[in-house]
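This is what each chain is made of:
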Amino acid sequence: MSLAVEKEFVFTFSSKDQKSTLKVPVTIPLQQSASDLVGRLVAAHNLPCYVEDDLKKSLEKFVDDETWKFHDENAEAAIAKVRKDPSLVDGLVDKWSGVFKKEVKKFADNEAVSEEEKFADVYHTLIHSPALETLLNLEHEYACTIEDLIDQRDRDLQHLENSQRKEMETAVQNVGVMYTDDQINQLAQRHFENTQLIDSKWSGELSNVKESQKKEYREWVMTVHQAMQTTDRVPAYLQRVRALSLTMPEAKEGERSSQSTTMEESFTIHLGAQMKTTHNLRLLCTDVLDLCRHKPHTVGGVLVPQPQRLQTAMSLYSSNLSGLILLVDNRLNYYTGLKRDFAKVCEMSTDFHFPAMDQQFAHIEKEVVIANEFRVHSRSTEDGDSTSIKSGGSGSSDGQDKANRIQTGDFYMTKHSNLAEVHVLFHLVCDDSIRFSDMTSRHPVILSIRNIIKLCFRYDITTITIPLLLAHDMSEEMTIPWCMKRAELIFKCVKGFVMEMSTYSAQESRTIQFLVPRGMSEEMFASISAMLPSIFRLSNSIVVKSSSPNSA
Amino acid sequence: MSLGKADFGVTTFFASSHPNDKCGVNGLPLTPNSIKVLGRFHFLTTLRNPSLCNYLEILKGKHECLVIISEYFQQNLKKLCIEKKLSETDILKLAFEILEGLVYLNCHGIVHRNLSQENILFDPEGHVKLSEYGMYHMTDWGTSVSFPIGLPQYMAPETLCGGPVQVEEYTDKPIQPPCGPKVDIWTLGLVLVEVIMGEELWNSLTLQQTIYKTLEFIKRDLHPLDVIMQEHKNGGKLRVMTKGTLDLLRQMLNLSPSQRPSAAELLKHQVFKDMVEEESPYENGYRLFTSEMRSKNLELPRIEDIGNDQDEDIDHLSLRSMEEVHYLWKLAGGDVENVLTKAGLLKTKSPIHLIPRYKSLKMQYTILMLYNNQRKILDSTSFYLLYPIVSKIIHVITHRVTPSPSSVDLSETANLPLVIREKDVDYQFHRIILYDRLLKAYPYKRAHIWKEARVDIPPLYRAYVWAALLEVEGDIQALYDSIDKETPTFTDRQIEVDIPRCHQYHELLSSPTAHAKFKRVLKAWVVSHRQYVYWQGLDSLCAPFLSLNFNNEALAYSCLAAFIPKYLHKFFLKDNSAVIQEYLAVFTHLIAFHDPELSNHLDGIGFIPDLYAIPWFLTMYAHVFPLHKIVHLWDTLLLGNSSFPLCIGVAILQQLRDRLLSFGFNECILLFSDMPEIDIQKCVQESIRIFCQTPKSATFRQHARPSQREKKSENRPNLSYYSRDYNYQQACELSMEAVSIEELKSEKCPRISAEDLIELGELAGPVNSRSPTKKKPTSKPKLLVIDVRMPEDYKRGTTPDSVNIPFQTGFSPEGDLIPCPAVQALDSHKSQIKVVVGNRGRNAANFAGELVRLKYSRVCVLHKGIDVLRSTAILTIPPADI
């Protein structure tokens, strides 16, 4: 069996009494048309024009015959192989039935529509119907309960801490008098255990409430949807919830005003040499968690949802998702720093659509193990050029590779439905090397941003927020030159990545938000915003036509 | 092929996606499979046979989804078998028609591989129409999709023995050789057996057992037909067939492919003896731009038949071609994806459910896993009818078809912007019918086509209209065939480097099929124009023609070959610097002529056209704009002469004027390194205006194409005042002559020939116009002559109505003009062309340069000075009092 064979084509013709023979090797199957080959032969061998027709005829016949022969031989060879070795049959049957089962619906095991998808469909229809307001009110009501609970928990814990501190203080003062060192230690131990106990009690209660809320909510959604399908009238449930919402607490005066003013600037840009695609860029100076934190308010008993929240809810199951890159360390937990703050934001209300954070993390952990196995495996088989991207920064030796280790430049994703402006969070693993000013475009974190943008294109995440300086807080080493250099690097890389990804995809426009930490000076913000148009080509501003010299 | 009673059907499937970041052997990222399919598909639209459903269009959706639109009929073999029992004669007729279709496919190198009862369709007359036959071809022998093509029970033994398609990792080429056409014979045999038995093959067996059955034939001595007869309860029905039929089936189900006859051989089987005579030879419709005899087999309808045409009930729509109807349907708001989504056929999971959880930097694994979730299974290739929607919309229009297509109510539409006109169904429908008729009469109707092209060109026929405007004629296919496009040459490398960078945002042009075609057309041009070389930019020039004539390389080549001498004469010489330098110098003059302020600014910062305009002119803007803009630009460009591109350049600068005036050198360079958005419609109008206001001799270039034998002039309309080249006019001593490049560069203003001066100034009285500029008979002279000689020379004789501003005394030390009555006259004629006339020597040119500096627009210099006019006897003594 072969993909192509070479056959010799012989053609004889006579002119006057001279007989000429032409022998040419011809590849079967012939890629171009026979008449093309005739043209080539005539030109190359300077053949007289009167043989052209004959040559064409005989070449066409030759190619035709040989192609049939070629196919027949291949087919016979395939059959002969099996005939010779009948044991192959079972393997072939398995292979064929495998592909048919996997790829063709008719033979596939009936893939039931999952609960999740059903709910997604129902929710998507409801949120785009008059029930929208009720739905949001309900969500809000539930959120208030949770908030209340969290408030109580915090107070409880605070109280406990206070009393423990007092106890400890008296104890420490009286060391050697009433208490021995040992006793102090025991006290500390007891305090710790108490705190743990209270904490777990609360978290148990919280998760119970959340679980039942989620169940209730989902049932409610399904019933409403069914009711909507059967009746056209506005069902009674709407009134019920509205009445409930009256009892909601009045927002505090301070909360009602929007968060502290943020510096913000928007740009519309064109990318591409000939065909331009339009994209929106926004430079934004705010705290990263402000994009997540969702704080509903009531004014005079009426719910005032943030408009962003509405948008986020409506686009949850659409193909306009929004994502956010959060820089994290390589430990898969949320006990410290920004991760903890973020977890707190998530905790504030029940996620009615996706599993809670710790469940999502548990799934990720499992996948990390599989991924690391794969990584070790691919490293051993990897030859130089087969992987186009290599992480330079994660220079750990194989021995160190624990099964659940996450490397710099890896990222994991969590999905959320209860955040203000974000559906998908990319937790991008970074190390201290991102603080250096000599970071290059081959740094694993940058390459990872490329992969994130690629995923955004693949999964219809049309809005993505990227920390421009790769930092969530201003720190000492972030001098003006450092910031400018970093901003330029990220701008240029992101530009390149977006251009790369939009090569074969439709001309869709995307929104990219560049986030700079709060606390940046206005001058610095201004200079970064001035740099942007020098890297991205802004779209034509509408210019009021000045009088042209000709019409003057 | 006309629409007739056909419906439109839609098929969707997903191409398989490549793993993350996989690269090909050349190091470039792999072309997505959907793009590959897109490129290969287009060949299928050229297949025309009465036994086949036509393919019409392919659309690429999001995420490798492909939507294919083709002719479709509701009746298929499966339904037919349920409705009625087929007699043996019916079955033989069926077999005969299917075989005819297969023969046609074999001739074109297509293997069906997908034959089944559901895709053997019937038109209302009961004739077979095969559909879905292109799947195996367009997916590159099944390598571009992850699902197998064909149904398991119909797979030929040799296909099964080869195993499912596998591809080589880095080349994406299949490992097994492709299937031969004889697999279809096997399948057809089985389909016929099923029809006779009235029972599905192996219907009680599982998938594995079904596949095993076919493979088992290899081991057994019994003929497959006998096995089937034994193992099916209706097997007895086969036995009662006549000997001939049984023999036919036996031959079809021959296990050995080499002994299994081909479709063509089977047609000669004795059972079909009677049918061969019944079939009339298939008549191929006349195709444009071929050397086929267009009146071959022409049969005029009888007079009584013509009478029927007046019948109110005639379905005009069914007479139009399927491509037209489909095109109109899209214009009328038809959106296939929309229709599919509404019908619930294009259903994907919401993306949020598909997002993976963890992704390591180097890994492809997560993404691979995910694609299984997103797989769209072949079963989605269900048909959905588009036709009902079409007929409703078109119905309205067809009832308004009047004998003269350019009816009155359309003249209003004709004044609307082009973008709107191109979207107007009503208008496009009329334009299409009009152009259809005109093109069929090409080249006889060439003049008429030119006239209509000045209004607009309907996108559906643009390829042919362009070819007509470029005067492509003759046996272009034979010419193209005779060119050696395969032998490697020195330019191959450069061509291969350039093609993957040329208009690759265009889905079709980025496909491997397009790359191959690109290479062939470019090589053909280079090989057959020995005096020229390949310069980068030729690829861009080729792109519009190739994208329009994707299935007709010969026409694309002929258009390219006709376009280059018309607009880019000598540009592709190995040493083209003289040609380009002259072109740019004339361009500089033109800027100064129309916009002295901009010209002064650009000169001041040293931003000369050499820095930005070479790719403009070398590619006729094809490198600068996206294809959808180029076609609009070239629609007009093709009507103009070789100087028209210069005016487009000025128009582009005009659009960017405000920014350019405020920019320094670096910003200007940056601006043009990545061309900003240009409003093409405005640009075209502006360039026409500029062209009309430029004396023809001002754009004279010695390297322009010399006059050709004007043998076709009688065909070409003279009314197109700007379509002729200056060089094509008879030269006389008053005409423009070659000027050295140094001289051109040293002057700021263009020169005007004496004959243009005489004509524009109407110095010789109203004569038959040879000059381009349109004028009303009542308008005053379009130009003002400024005589810059010394007053004593001036008084001895000058042109009528001229003013005298001597060069030596005209300017104040500050460089301003010293006010005098002559200067007043100059100021009051601001918008007119100012011709500076002097003696031989540089005074006139320098004076003109000063005027430009003072922001006087439309200044030009009389070529060869006042002396040239002496022979014309128009010089007069000026009135003494000035």
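What you are looking at is a predicted structure, and each value in this text was computed from that prediction instead of being measured. Every chain's residues receive numbers from 1 upward, in the order its sequence appears when written. Here chains are named by letter from A upward and ligands by number from 1 upward, in the order in which they appear as written. Since the coordinates come from a predicted model, pLDDT governs what is reported: local features require at least 70, and pairs of side-chain atoms require 80 or more to be given and counted, while whole-chain, interface and lining totals use all residues. Neither water nor hydrogens contribute to the side-chain values; these are computed over all heavy atoms in the structure.

### What to know about the overall build of chain B
Secondary structure elements follow DSSP: runs of H or I no shorter than four residues count as helices, runs of E no shorter than two count as strands, and numbering proceeds from the N terminus. Of regular secondary structure, chain B possesses 43 helices and 12 strands. Accessibility here uses a 1.4 Å probe with only protein chains present; expressed as a share of the type maximum, an area under 20% marks a residue as buried, one over 50% as exposed, and anything in between as partly exposed. Expressed as a percentage of its 882 residues, the buried residues of chain B come to 59%. Within chain B, residue pairs in contact and separated by at least 24 positions form 74% of the contacts whose partners lie at least 6 positions apart. Within the structure as shown, chain B displays about 36800 Å² of accessible surface, and the carbon and sulfur contribution to it stands at 53%. Note on definitions: a residue-residue contact is assigned when non-hydrogen atoms from the two residues lie within 4.5 Å. Computed by Shrake-Rupley with a 1.4 Å probe, the accessible areas treat only the displayed protein chains as cover when residues are assessed.

### Things to note about the overall build of chain A
In terms of helices and strands, chain A carries 14 helices and 12 strands. For chain A, buried positions account for 46% of its 552 residues. Within chain A, contacts between residues at least 6 apart in sequence are counted, and of these 72% link residues at least 24 apart. Counting only carbon and sulfur atoms, one obtains 52% of the accessible surface of chain A, whose full area is about 28600 Å².

### With respect to the pairing of strand 4 (residues 277–285) of chain A
Residue and element names in this part refer to chain A. When DSSP finds two or more bridges between two strands, those strands count as paired. One ladder, built from nine bridges, connects strand 3 (residues 263–271) with strand 4; its direction is antiparallel. Its bridge partner lying in strand 4, Thr268 is registered against Asn280. Counted along the chain from strand 3 to the antiparallel partner strand 4, the turn is five residues long, and its residue Gly272 has a positive phi close to 110 degrees. The pairing of strand 4 with strand 11 (residues 511–516) spans six bridges and is parallel. Note on strand 11: the bridge partner recorded for Leu284 is Leu515.

### Details of the nonpolar core
Residues and elements named next belong to chain B. Core analysis: the biggest nonpolar cluster contains 115 residues, and Phe563, Trp616 and Trp634 have the highest contact counts within it. No other element matches the 10 residues that helix 29 (residues 553–567) contributes to this core. Each domain span listed reflects an automatic or database assignment of domains. Domain assignment of the residues forming this core places at least three in each of domain 2 (320–343 + 384–469) and domain 3 (476–567). Counting 93 residues, the second-largest nonpolar core is a separate cluster that includes Tyr104, Ile110, Ala156 and Met252. Residue types Ala, Val, Leu, Ile, Met, Phe, Trp, Tyr and Cys, when buried and joined through side-chain atoms within 4.5 Å, form a set referred to as a nonpolar core.

### Observations concerning the pattern of salt bridges
Every case where a carboxyl oxygen of Asp or Glu lies within 4 Å of a side-chain nitrogen of Lys or Arg is listed as a salt bridge. Enumeration over the complete set of coordinates arrives at 55 salt bridges over all chains. Lys485(B) is paired through a salt bridge with Asp36(A); the nearest N and O atoms lie 2.7 Å apart. Here Lys485(B), found in the loop between helix 25 (476–481) and helix 26 (492–498), pairs with Asp36(A), found in helix 1 (residues 34–45), and the two come from separate chains. We note a salt bridge from Arg657(B) to Glu597(B), for which the minimum N-O separation is 3.0 Å. Placement of the pair is Arg657(B) in helix 35 (residues 657–662) and Glu597(B) in helix 31 (residues 596–605), with a sequence separation of 60 residues. Given a relative accessible area of 6%, Arg657(B) falls into the buried group. What makes Glu597(B) partly exposed here is its relative accessible area of 30%. Here the salt bridges share partners, and the residues they tie into one network are Asp36(A), Lys485(B), Glu486(B), Lys517(B), Arg520(B) and Glu553(B).

### As for a nonpolar patch on the surface
A surface patch of nonpolar side chains, about 300 Å² in accessible area, is lined by Ile608(B), Leu611(B), Phe665(B) and Ile669(B). Within the fold, Phe665(B) resides in helix 36 (residues 665–673). To count toward a patch, a residue needs a relative accessible area over 30% and no salt bridge; like charges are then connected within 9 Å, while nonpolar side chains (Val, Leu, Ile, Met, Phe, Trp, Tyr) are connected within 5 Å.

### With respect to helix 7 (residues 207–219) of chain B
Bend, at a single residue, is the angle you get between axes fitted to the 7 residues ending at that residue and the 7 residues starting at it. Along helix 7 of chain B, the sharpest change in direction is near 30 degrees and occurs at Lys213(B). Looking at helix 7 of chain B, one finds that the buried residues are Leu207(B), Thr210(B), Ile211(B), Lys213(B), Thr214(B), Leu215(B), Glu216(B), Phe217(B) and Ile218(B). Buried residues belonging to helix 7 of chain B abut helix 2 (52–84) and helix 3 (88–103) of chain A together with helix 5 (157–162), helix 6 (182–197) and helix 8 (224–231) of chain B.

### Description of the sheet that holds strand 9 (residues 783–787) of chain B
Taking strand neighbours across the sheet as the criterion, the five strands line up as 8-12-11-9-10 (chain B) in an open arrangement whose pairing is parallel. The open sheet terminates on both sides in strands that have one partner only, identified here as strand 8 (751–752) and strand 10 (803–804) of chain B.

### A word on the packing of aromatic side chains
Centre distance and the angle of the planes are the two values used to describe a pair of aromatic rings. Centre distance within 6.5 Å is the pairing criterion for rings of Phe, Tyr and Trp, where only the six-membered ring of Trp is used; planes under 30 degrees apart are then read as stacked, over 60 as edge-to-face, and the remainder as tilted. Scanning the entire structure with this criterion turns up 44 aromatic pairs over all chains. Note on Phe587(B) and Phe617(B): the rings are 5.0 Å apart at their centroids and 80 degrees apart in plane angle, and the pair reads as edge-to-face. With Phe587(B) in helix 30 (residues 577–594) and Phe617(B) in helix 32 (residues 614–618), this pair connects stretches of sequence that are 30 residues apart. Overall, Phe587(B) belongs to the buried group, its relative accessible area being 0%. Judged by relative accessible area, which is 2%, Phe617(B) ranks as buried. Ring geometry for Tyr612(B) against Phe672(B): centres 4.9 Å apart, planes inclined by 10 degrees, an arrangement best described as stacked. Remark: Phe672(B) occurs in helix 36 and Tyr612(B) occurs in the loop between helix 31 and helix 32; sequence separation between them is 60 residues. An identical accessibility class is assigned to Tyr612(B) and Phe672(B); each is buried. Through a chain of ring-to-ring contacts, three or more aromatic side chains come together here, namely Phe571(B), Tyr583(B), Phe587(B), Phe607(B), Tyr612(B), Trp616(B), Phe617(B), Tyr621(B), Phe625(B), Phe665(B) and Phe672(B). Lying over the aromatic face of Phe457(A), Arg510(A) brings its terminal NZ or CZ to 3.9 Å of the ring centre. Geometrically, a lysine NZ or arginine CZ counts as sitting over a ring once it is within 6 Å of the ring centre and also within 35 degrees of the ring normal.

### Comments concerning the side chain of His529(B)
Residue and element names in this part refer to chain B. Tracing the backbone through its elements, the reader meets His529 in the loop between helix 27 (512–528) and helix 28 (538–548). Side-chain atoms alone can form a polar contact between residues adjacent in sequence; in general such a contact is a pair of N or O atoms within 3.5 Å, and within protein one must be able to donate a hydrogen while the other accepts it. A distance of 2.8 Å separates a polar side-chain atom of His529 from the backbone oxygen of Trp525. When residues no more than four places from it in sequence are discounted, the contact partners of His529 are Tyr557 and Ala561.

### What to know about the confidence of the model for chain A
Interpreting fine coordinate detail is not advised for predicted regions of low pLDDT. Residues and elements named next belong to chain A. Residue-level confidence of the predictor is summarised by pLDDT, bounded by 0 at the bottom and 100 at the top. Averaged over all residues, the pLDDT of chain A is 79; the fraction at 70 or higher stands at 83%. pLDDT under 50 marks residues 239–259. Its contacts with residues more than four places away, or in other chains, come to 29 contacts. Note that residues 382–401 has pLDDT below 50 and, in this model, 28 contacts with residues that lie over four places away or in other chains.

### Observations concerning the packing of helix 4 (residues 115–127) of chain A against helix 6 (residues 181–230) of chain A
Residue and element names in this part refer to chain A. In the contact formed by helix 4 and helix 6, the axes pass within 10 Å of each other and the chain directions differ by 60 degrees. When the interaxial angle is binned, helix 4 and helix 6 end up oblique. For helix 4 against helix 6, the interelement crossing comes out left-handed. Residues Glu116, Phe119, Val122, Tyr123, Thr125 and Leu126 of helix 4 touch helix 6, and the partners they reach there are Tyr217, Arg218, Val221, Met222, Val224, His225 and Met228. Throughout, the ten residues Ala, Val, Leu, Ile, Met, Phe, Trp, Tyr, Cys and Pro are labelled nonpolar, Asp, Glu, Lys and Arg are labelled charged, and all others, Gly among them, are labelled polar. For the contact of helix 4 with helix 6, the class distribution of residues is nine nonpolar, two polar and two charged. Under this scheme, a helix contributes an axis fitted over its contacting stretch, all axes are lines through C-alpha atoms, and angles between N-to-C directions fall in the 0 to 180 degree range. For classification, angles of less than 35 degrees are called roughly parallel, those exceeding 145 degrees roughly antiparallel, those between 65 and 115 degrees roughly perpendicular, and all remaining angles oblique. Here is the rule for handedness: rotate from the far helix to the near one, and if that takes an anticlockwise turn smaller than a right angle the crossing is left-handed, while a clockwise turn gives right-handed.

### Description of the sheet that holds strand 5 (residues 120–122) of chain B
Sheet strands pair by backbone hydrogen bonding; their relative direction is either parallel or antiparallel. Residues and elements named next belong to chain B. A sheet is described by the order of its strands in space; here three strands give the open sequence 4-5-6, paired in antiparallel fashion. The two strands at the open ends of the sheet, each matched to only one other strand, are strand 4 (75–76) and strand 6 (128–130). Of the strands in this sheet, strand 5 and strand 6 are in contact with helix 3 (residues 88–107), which crosses strand 6 at around 40 degrees.

### Let's talk about the pairing of strand 1 (residues 7–14) of chain B
Residue and element names in this part refer to chain B. Across the eight residues of strand 1, eight count as buried, placing the element largely inside the fold. Here strand 1 shows no split at all, with Asp7, Gly9, Thr11 and Phe13 on one side and Phe8, Val10, Thr12 and Phe14 on the other all buried. Relative to strand 3 (residues 65–72), strand 1 is paired through eight bridges, and the arrangement is antiparallel. Paired with Asp7 across the bridge in strand 3 is Tyr72.

### Describing the side chain of Thr463(A)
Residue and element names in this part refer to chain A. Topologically, Thr463 is positioned in strand 10 (residues 461–467). Take Thr463: its relative accessible area is 19%, and that puts it in the buried class. With near-sequence residues (within four places) excluded, Thr463 lies in contact with Leu321, Ser322, Gly323, Thr511 and Gln513.

### Concerning the environment of Glu733(B)
All names here are of chain B. Considering the arrangement of structural elements, one finds Glu733 in the loop between helix 37 (680–692) and helix 38 (741–746). Taking the relative accessible area as the measure of exposure, Glu733 reaches 52% and is therefore exposed. When the C-alpha positions of Glu733 and Ser753 are compared, they lie 9.6 Å apart, and in sequence the two are 20 residues distant. Ignoring sequence-local partners within four residues, the contact set of Glu733 consists of Lys864, Val868 and Ser871.

### A look at helix 8 of chain B
Listing the buried residues of helix 8 of chain B in full gives Pro224(B), Leu225(B), Val227(B), Ile228(B) and Met229(B). Among the structural elements, helix 6, helix 7, helix 9 (236–239) and helix 10 (243–252) of chain B are those in contact with the buried residues of helix 8 of chain B.

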